[in-house]
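Examination of the molecular architecture
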Amino acid sequence: MISVYYVLVFGIMLLFGASIVWGLWWALRGGQFSDFQKGAQSVLDDDEPTLRPCDVFPDLREEYRKELARRANERKA
Amino acid sequence: MAEADPRHTHQLDQQQEIDVAALHEPILRELRDPQDGHEPIPMFMLMLFAGLIFWGGYYLAAYSGGFRSDVLNPDPAAQFAGGSAAPKVVDPLVLGEKLFKANCVSCHQASGQGVPGQYPPLAGSEWVLGPDYRLKRILLKGLEGPVSVKGATYNGNMPAFEAKFNDEKLAAVLSFIRHGWENGAPPVSPESAAATRAAVKDRGQPWKAEELLALEKDDLATPAEGAPAPEGAKTEPAAKTEAGKTP
Amino acid sequence: MNQLEQDQGGWTARRAEIDRSCATPCLVFYASSIFWLLAGTFFALLASVKLHHPEFLADWSWLTFGRVRPAHLNTVIYGWASMAGIATLLWLMCRLCRVPLMYPAMLVVAAGLWNLGLTVGTVGILMGYSTGIEWLEFPMPAAFLLFSGFAIVTLWSVATFAQRQAEHVYVSQWYLFAAVFWFPWLYVTVQLLLMLFPVKGIPQACINWWFAHNVLGLWFSPIGLAAIYYLLPKVIGRPIYSYYLSILGFWTLALFYNWAGAHHLVSGPVPAWIVTASIVGSVMMIIPVVTVALNHHMTLHGNFRLLKYSPTLRFIVFGAMSYTIVSLEGSMMSFRFLNEPFHFTHRTIGHAHLGMYSFFTMTMFGSMYYIVPRLTGREWHSARLIRIHFWGVALGFALMYLCLSIGGVIQGLELNQAGESLEKLIAQFGYLDGISKFVEGFKAQNGAVPFLEIVHGTLLWLKLRTVSGVLLLAGHAAFAVLMVMNVHAWGRRHIGPTLFHDEDAADYDRALRQARADLTPANSGD
């Protein structure tokens, strides 16, 4: 019975420890850590305009439009 | 808002709320920072992390009780200092009663009278009240074959408790049966239990009654009997651990 | 495989296709999660009332405190939080890998298995077949069903990841991919070591808390953080502040969180080094937490006004801030000198809800406000209901947290020999003098407060907690109504994803048709 625990616990431990190390190695080799600029922007698609709200209270649309226009004017000034 | 802006129809994103043209300028200005998404880790955070890691190493070393599995107190000095300053005292009679109830009571009964014809009584028994060297041997190795107790003959098997009880427990349960049911015989000390255990350790089989009756004395140098009085009998932990080493 | 090149600049169509493929399974998971949220809230309210009125519904064994309380815990953890988390996980995974979900029907099967397991487990608990191990009260058959359902989710996540068409693995994917591995690991290990081949004695407690704490940190937290990392840039329209910090946050979480569980066993008969290692691990969690907090804060910096307009952002930011607070609080609470007086008080309940409710649940609400309209193609119908939802749960939670924290701290001080009870001292000397005498008494350690007096002192806070539960229930009910309205298209119908005006509907339809044409197998290029 005790040996079952050892096999289970240490086996799983080694497996998961190794998988983490492998994941890190894979990411390093695959260039996941090489271009952080691209990494940050990958979530925003090319055809997706930045600084654009995509979620708003249904009754605040017009107000939100005005808020953005106001911001735009402020920046111009 | 330029409804006529031709791009309006091409931008098929879900986020078509705001007009592109009106926003274009602020968007471009907002993205002026080419470092966006690229900020290095601030220095103060690196310092904080270095400090944390240093602290973690110190704390782990200082409060882990030497990484021993039997140290439960984070500060082992406190655990052991506290232990010797206030020794834990166990009344052997209380311990003995507990052990008796757990191990002996099914045959010898809570009244100590045994079961007539099957299990001999302990209360008023000459074996219990008499010299303790026979009693210690019975408990250690067991007893088989006919035995006469208080004029009646019993033929049963008393099991051996050598492996189950350490010296402290052996002494406690014997002290209890010698003290209880108005028996009033002097207690047995753990030291004398240890000595007898050592003396008979090579014997393999249970005793016969006649063998024990043939014994004239505890043929080893035992400490003075009855040194600790039954009521005040307290065992020091030092003695306890020393005695406890013998299996 | 050339789809990527063909679609350059045409991600819009791809996004629409992904949303369409995810719609059925994700909505099934979301709808079930809301059902279990309501059930869990109901059990929570019952349990809360029973704490100050023990005679309430005490005659029916099914609804006694010892059954209702684990029923609450398990329905909200495995029913609400996990199901909402799985739906969010699937959708984010597809979006980030840029591939539609394959064979979505199988995930509906997974949702069915999961729901069946929950029903069996909850009824089992109410009938009295609880295993008696905290966080794992569901009887064995339920655990088997849950695991089967989850195996499908894991397989589908791995398959989606393997087919990904995005070159870069975004930080959210790191978190999600880790979560789908970590959860089965935790669950299988704990089922084997506590149920099938139960270990004896102290290791049982160690394994139990290793599991219970890691479910929070290695299953719920990664999903919550993945959602925040995706939605924050999306809603604001600006990339995350620092990708260095994102990556550092993920890997330090992976390194340190696993250690934290044993701090629940402070002062227990556990080898000192296990607890000490756990405390160090808990304190080291400051590294990922500060990293993530700074990253989120700086991303949001300058855009706080948007909180007024976007429901998603409101809930997400509430969740992100709570993550920082609850994690730092957790690091502090792991220390022996704070853990010893406050561990077995209502304060711990407050802390647990700060994590599971204020961080994770709020983040899931925010994700649902963003994701569900994209799945159904319909906007949220009522701004008023969204406000009722937000303020109901925000105020309800704040009240609950305050009650449990204040009541728990008093309870902890009194349990640790604070002299006279606070209640008595205030009655005798008034508020200011009473409190100062209470503190003096605690410092002097001049005798224990009678236990019943301590219990009596908590009643006020427990009653207020029930009030907070009513507020939370109101918020949840408002959200459930919003969901039903959205899914069943009650009221004015909007065609297309949220925030489309009617004049955009035709454009959306065209895009969707285009997307379907592009992605039919004949054109897929494989």
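Residues numbered from 1 in each chain as written. Chains lettered and ligands numbered in written order. Predicted model: local features only at pLDDT ≥ 70, side-chain atom pairs only at ≥ 80, totals over all residues. Heavy atoms only, no water.

**Remarks on the overall build of chain A**
Across its full length, chain A carries three helices and zero strands. Taken from the N to the C terminus, the helices and strands of chain A come in the order α-α-α. Among the 77 residues that make up chain A, the fraction classed as buried is 45%. With the model as given, the accessible surface of chain A reaches about 4,400 Å², and the carbon-plus-sulfur share is 66%. (Helix = DSSP H or I, 4+ residues; strand = E, 2+ residues; numbered from the N terminus. Buried < 20%, exposed > 50% of the residue type's maximum accessible area, 1.4 Å probe, protein only. Areas by Shrake-Rupley, 256 points an atom, 1.4 Å probe, with all protein chains shown as cover.)

**Regarding the overall build of chain C**
Across its full length, chain C holds 18 helices and zero strands. The buried share of chain C, reckoned over its 526 residues, is 64%. Across chain C, every contact between residues at least 6 apart in sequence was considered, and the portion connecting residues at least 24 apart equals 83%. (Contact = heavy atoms within 4.5 Å.)

**With respect to the environment of threonine 119 of chain C**
Counting through the fold element by element, threonine 119 of chain C comes out in helix H4 (residues 104-127). Taking the C-alpha atoms as reference, threonine 119 of chain C lies 9.1 Å from threonine 75 of chain C; in sequence the two are 44 residues apart.

**As for helix H8 (residues 243-256) of chain C**
Residues and elements named next belong to chain C. The terminal C-alpha atoms of H8, which comprises 14 residues, lie 20 Å apart, in line with the 20 Å expected from a rise of 1.5 Å per residue. All buried positions along H8 are accounted for by Tyr243, Leu245, Ser246, Ile247, Gly249, Phe250, Trp251, Thr252, Leu253, Ala254 and Phe256. Between the side-chain oxygen of the N-cap and the backbone nitrogen of tyrosine 244 there are 3.3 Å, and the N-cap of H8 in question is serine 242. (Expected span 1.5 Å × (residues − 1). Polar contact = N/O pair within 3.5 Å; in protein donor to acceptor, adjacent residues only side chain to side chain.)

**Some thoughts on the pattern of salt bridges**
Residue and element names in this part refer to chain B. Under the counting rule described, the total for this entry stands at ten salt bridges over all chains. Notably, a salt bridge pairs glutamate 97 with lysine 101, separated by 3.1 Å at the nearest N-O pair. Residue glutamate 97 and its partner lysine 101 are located together in helix H5 (residues 92-103), separated by four residues, close to a single helical turn. On the basis of relative accessibility, which here comes to 54%, the residue lysine 101 falls in the exposed class. Close ionic contact of glutamate 144 with lysine 208 constitutes a salt bridge, the shortest N to O distance being 3.0 Å. (Salt bridge = Lys/Arg side-chain N within 4 Å of Asp/Glu carboxyl O.)

**Section: the confidence of the model for chain C**
Residue and element names in this part refer to chain C. Confidence in the prediction of chain C, expressed as mean pLDDT, is 87, and 89% of residues score 70 or more. Taken together, the stretch residues 494-506 has pLDDT below 50 and engages in 44 contacts with residues farther than four places along the chain or on a different chain. Predicted confidence for residues 522-526 stays below pLDDT 50, and this span has eight contacts to residues more than four positions away or in other chains. (pLDDT = per-residue confidence, 0-100.)

**With respect to helix H10 (residues 190-199) of chain B**
Of all the positions in H10 of chain B, only Pro190, Ser192, Ala193, Thr196 and Arg197 of chain B are classed as buried. Summarising the axial view, the buried residues of H10 of chain B lie within an arc of 160°, below the 170-degree limit, and thus occupy one face. (Arc of directions from axis to C-beta.)

**A look at the packing of helix H3 (residues 43-62) of chain B against helix H9 (residues 272-284) of chain C**
Between H3 of chain B and H9 of chain C, whose axes approach to 9 Å, the crossing angle comes to 170°. One finds that H3 of chain B runs roughly antiparallel with respect to H9 of chain C. Residues Leu52, Ile53, Trp55, Gly56, Tyr59 and Leu60 of chain B of H3 of chain B form the contact with H9 of chain C, whose participating residues are Thr276, Ala277, Ile279, Val280, Val283 and Met284 of chain C. Its residues placed into classes, the contact of H3 of chain B with H9 of chain C shows ten nonpolar, two polar and no charged. (Axes fitted to C-alpha atoms, helices over the stretch in contact; angles between N-to-C directions. Parallel < 35°, antiparallel > 145°, perpendicular 65-115°, else oblique. Nonpolar A, V, L, I, M, F, W, Y, C, P; charged D, E, K, R; others polar.)

**A look at a nonpolar patch on the surface**
A grouping of Val4 of chain A together with Met140, Leu196 and Phe197 of chain C is seen on the molecular surface, where their side chains present a nonpolar patch of about 310 Å² in accessible area. Relative to the helices and strands, phenylalanine 197 of chain C is located in the loop between helix H6 (171-196) and helix H7 (202-236). The exposure class assigned to phenylalanine 197 of chain C is partly exposed, which follows from its relative accessible area of 32%. (Patch = residues over 30% accessible without salt bridge, like charges linked within 9 Å, V, L, I, M, F, W, Y side chains within 5 Å.)

**Considering the side chain of serine 331 of chain C**
Residues and elements named next belong to chain C. Among the secondary structure elements, serine 331 is positioned in helix H11 (residues 311-333). Serine 331 gets classed as buried once you look at its relative accessible area, which sits at 2%. Residue contacts for serine 331: discarding those within four places in its chain leaves Ser282, Val283, Met285 and Ile286.

**Focus: the side chain of threonine 312 of chain C**
Positionally, threonine 312 of chain C belongs in helix H11. Judged by its relative accessible area of 0%, threonine 312 of chain C is buried. A polar atom in the side chain of threonine 312 of chain C sits 3.4 Å from the backbone nitrogen of tyrosine 370 of chain C. When neighbours within four sequence positions are excluded, threonine 312 of chain C is seen to be in contact with Asp55 of chain A together with Leu231, Val235, Gly366, Tyr369 and Tyr370 of chain C.

**A closer look at the packing of aromatic side chains**
The description of two aromatic rings rests on the distance between their centres and on the angle between their planes. On inspection of all chains with the given rule, the structure shows 53 aromatic pairs over all chains. Ring centres of phenylalanine 176 of chain B and tryptophan 181 of chain B lie 5.8 Å apart, and the angle between their planes is 70°; this geometry places the pair in the edge-to-face category. With a centroid separation of 4.9 Å and 55° between ring planes, the pair formed by phenylalanine 220 of chain C and phenylalanine 360 of chain C is classed as tilted. Of this pair, phenylalanine 220 of chain C sits in helix H7 while phenylalanine 360 of chain C sits in helix H13 (residues 346-376); the two residues are 140 residues apart in sequence, bridging distant segments of the chain. Across this residue pair, the class does not change: phenylalanine 220 of chain C and phenylalanine 360 of chain C are buried. Among the aromatic side chains, those forming a connected cluster through ring pairs are Tyr78, Trp114, Phe138, Phe150, Phe183, Tyr187, Phe211, Trp219, Phe220, Tyr323, Phe359 and Phe360 of chain C. Positioned over the ring face of phenylalanine 161 of chain C is arginine 164 of chain C, at 4.4 Å from the centre of the ring. Its end group placed over the ring of phenylalanine 57 of chain A, arginine 387 of chain C keeps NZ or CZ at 4.7 Å from the ring centre. (Phe/Tyr/Trp six-rings, centres within 6.5 Å; stacked < 30°, edge-to-face > 60°. Lys NZ or Arg CZ within 6 Å of the ring centre and 35° of its normal.)

**So, the nonpolar core**
Tyr78, Phe211 and Trp219 of chain C are the most contacted members of the largest nonpolar core, which totals 184 residues. A per-element tally of this core places H7 of chain C first, with 21 residues. Phe100, Ile138, Leu139 and Leu215 of chain B belong to the second largest nonpolar core, which has 32 residues in total. (Core = buried A, V, L, I, M, F, W, Y, C linked by side-chain atoms within 4.5 Å.)

**Here's the deal with the pairing of strand S1 (residues 143-149) of chain B**
Residue and element names in this part refer to chain B. Pairing of S1 with strand S2 (residues 152-158), which is carried by seven bridges, proceeds in the antiparallel orientation. In the sheet register, serine 148 faces S2, and the bridge partner there is threonine 153. Count of turn residues in the S1/S2 antiparallel hairpin: two residues, of which lysine 150 carries a positive phi of about 50°. (Pairing = 2+ DSSP bridges.)

**Observations concerning unusual backbone geometry**
Residue and element names in this part refer to chain B. One non-glycine residue, phenylalanine 67, lies in the positive phi region at around 55°. Not every positive phi belongs to a glycine, and glutamate 182 is a case in point at roughly 60°. Glutamate 182 sits in the exposed class, given a relative accessible area of 80%.

**Re the state of the cysteines**
The tally for this structure, following the rule as stated, stands at zero disulfides over all chains. Cysteine cysteine 107 of chain B shares no disulfide, and the gap to the nearest cysteine sulfur, in cysteine 104 of chain B, comes to 8.7 Å. Here cysteine 26 of chain C stays unpaired: no disulfide links it, and the sulfur of cysteine 22 of chain C, its closest cysteine neighbor, is 4.6 Å away. Look at cysteine 26 of chain C and you get buried, because its relative accessible area is 0%. (Disulfide = S-S within 2.5 Å.)

**Digging into the confidence of the model for chain A**
Residues with a pLDDT of 70 or more make up 70% of chain A, whose mean pLDDT is 74. Across chain A, helix H1 (residues 2-29) of chain A holds the top mean pLDDT of 84, while helix H3 (residues 61-76) of chain A sits lowest at 66.

**Focus: the packing of helix H8 (residues 132-141) of chain B against H10 of chain B**
Residues and elements named next belong to chain B. Relative orientation of the contacting elements H8 and H10 amounts to 65°, with a least axis distance of 10 Å. Along this stretch, H8 crosses H10, giving a crossing that reads as right-handed. Facing H8, whose interface residues are Asp132, Lys136, Arg137 and Leu140, H10 presents Ser192, Ala193, Thr196 and Arg197. Classifying every residue of the contact of H8 with H10 by side-chain character gives two nonpolar, two polar and four charged. (Left-handed = near helix turned anticlockwise from the far one by under 90°.)

**Quick notes on the environment of phenylalanine 176 of chain B**
All names here are of chain B. Tracing the chain through its elements places phenylalanine 176 in helix H9 (residues 167-179). With a relative accessible area of 13%, phenylalanine 176 lands in the buried category. Taking the C-alpha atoms as reference points, phenylalanine 176 and phenylalanine 100, separated by 76 residues in sequence, lie 8.0 Å from one another. Discounting residues that sit within four places of it in the chain, phenylalanine 176 has contacts with Leu93, Gly96, Glu97, Phe100 and Trp181.

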